[in-house]
Amino acid sequence: MINRNTSKDDLFAKRVAPSDFAFDEKVANVFDDMILRSVPGYKTIVEMIGVFAWRYHQPGSKIYDLGCSLGGATFEVNKQLQGKDFSLVAVDKSRAMIERLTQRKIKLGAYTDAINIRCEDISETKVENASVVILNFTLQFLPIAFRKELITRIYDGLLPGGVLVMSEKIVFRDENLNHLFIDMYHKYKESNGYSKLEISQKRIALEDVLIPESIDTHRNRVATSGFKSFNVWFQCLNFASMLSIK
Ligand code: GEK
């Protein structure tokens, strides 16, 4: 369920002093607009996460949305699982995101009773009795050194047959393809109303904050953590979503 309640993202429209990108009040205020105009396929990915949750949820088990932001995936899963016996743990370490997510949940009332919201670092989240774990564009913000431990902790907390749905910005070994897709991605952002200045300032702000990896790196990490099956189920340019099955 995609909300369109936040304001227009114009954070990088004027020249700004270079600083690292952070999920603060300013970003939370424009986040819905930002992610919809910046991630090709975001709406489809979120809707399909709901379908994956519907398909793989096991009665009485938990669903985790790690790095939930304003709850795009959380509310979609909640919608598609109405009437089923589930609980959903939505985690984000950004206080600004969690405050707004909590307001949205309160507004929706009893319909969202299954959603438990936590403001915490996913490096500390205990995963247990899980049938579905969602990392929708979150792993890319974790230091590379912490990623294997998280994927292994998710594997350990999943029930047999449980799944991890993980979406990420990706890189390609082939330099030509890499340049081509980044170029096309910038054109896509322009077609969604971002100026060249906005695109380049955002790219610089994200440089040391969002570290993308290749599909092969994800495949290897998931396999060495114990997952039986892995495949990309969605890709548009340098954005992909992957399914891993325990
Ligand atoms: C969606 N999944 O709309 N612990 C907890 N949260 C974190 C951490 C961490 N270590 N690192 C980053 N985050 C969402 C979109 S946005 C993706 C996810 C993007 C959180 C961070 O605070 C932010 O809210 C989210 O991960 C990433 O389906 O902006 O490209």
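Read on for an overview of the structure. Model, not experiment: these values are computed from the prediction. (Residues numbered from 1 in each chain as written. Predicted model: local features only at pLDDT ≥ 70, side-chain atom pairs only at ≥ 80, totals over all residues. Heavy atoms only, no water.)

Description of the site of the ligand
Here is step 1: Of all residues adjacent to the ligand, which total 21 residues, the nearest are Tyr 42, Gly 67, Ser 69, Asp 92 and Asn 136.
Here is step 2: One nitrogen or oxygen atom from the main chain of Gly 67 is found 2.7 Å from a nitrogen atom belonging to the ligand.
Here is step 3: The fraction of the free accessible surface of the ligand (660 Å²) that becomes covered by protein chains is 95%.
Here is step 4: For the shell around the ligand, a count of residues per class yields 11 nonpolar, six polar and four charged. (Near = heavy atom within 4 Å. Polar contact = N/O pair within 3.5 Å; in protein donor to acceptor, adjacent residues only side chain to side chain. Areas by Shrake-Rupley, 256 points an atom, 1.4 Å probe, with all protein chains shown as cover. Nonpolar A, V, L, I, M, F, W, Y, C, P; charged D, E, K, R; others polar.)

Regarding the pattern of salt bridges
Here is step 1: Scanning the model with the defined rule gives 15 salt bridges in all.
Here is step 2: Note that Glu 120 and Arg 118 form a salt bridge whose closest N and O atoms lie 3.4 Å from each other.
Here is step 3: We classify Arg 118 as partly exposed; its relative accessible area is 28%.
Here is step 4: Between Glu 128 and Lys 126 there is a salt bridge, with its nearest N and O atoms 3.3 Å apart.
Here is step 5: Glu 128 gets classed as partly exposed once you look at its relative accessible area, which sits at 35%.
Here is step 6: Look at Lys 126 and you get exposed, because its relative accessible area is 56%.
Here is step 7: Each of Lys 62, Lys 126 and Glu 128 takes part in a single network of salt bridges with overlapping partners. (Salt bridge = Lys/Arg side-chain N within 4 Å of Asp/Glu carboxyl O. Buried < 20%, exposed > 50% of the residue type's maximum accessible area, 1.4 Å probe, protein only.)

What to know about the state of the cysteines
Here is step 1: In total, this model carries zero disulfides according to the counting rule given.
Here is step 2: The structure places no disulfide on Cys 68, whose sulfur is separated from the nearest cysteine sulfur, that of Cys 119, by 9.1 Å.
Here is step 3: Residue Cys 68 is classed as buried on the basis of its relative accessible area of 5%. (Disulfide = S-S within 2.5 Å.)

Description of unusual backbone geometry
Here is step 1: At Ser 69, a position not held by glycine, the phi torsion is positive, near 50°.
Here is step 2: Relative to the elements of secondary structure, Ser 69 occurs in the loop between strand S1 (62–66) and helix H3 (72–80). (Helix = DSSP H or I, 4+ residues; strand = E, 2+ residues; numbered from the N terminus.)

Topic: the packing of helix H1 (residues 25–38) against helix H6 (residues 175–191)
Packed helices, taken two at a time, are described by their axes: the angle between them and the distance between them.
Here is step 1: Between H1 and H6, the shortest axis-to-axis distance is 9 Å and the interhelical angle comes to 130°. In terms of orientation, H1 lies oblique with respect to H6. Between H1 and H6, the contacting residues are Leu 36, Arg 37 and Ser 38 on the first element and Tyr 185, Tyr 188 and Lys 189 on the second.
Here is step 2: For the contact of H1 with H6, the residue count by class is three nonpolar, one polar and two charged. (Axes fitted to C-alpha atoms, helices over the stretch in contact; angles between N-to-C directions. Parallel < 35°, antiparallel > 145°, perpendicular 65-115°, else oblique. Contact = heavy atoms within 4.5 Å.)

Purely geometric stuff here, so don't read any function into it on its own.
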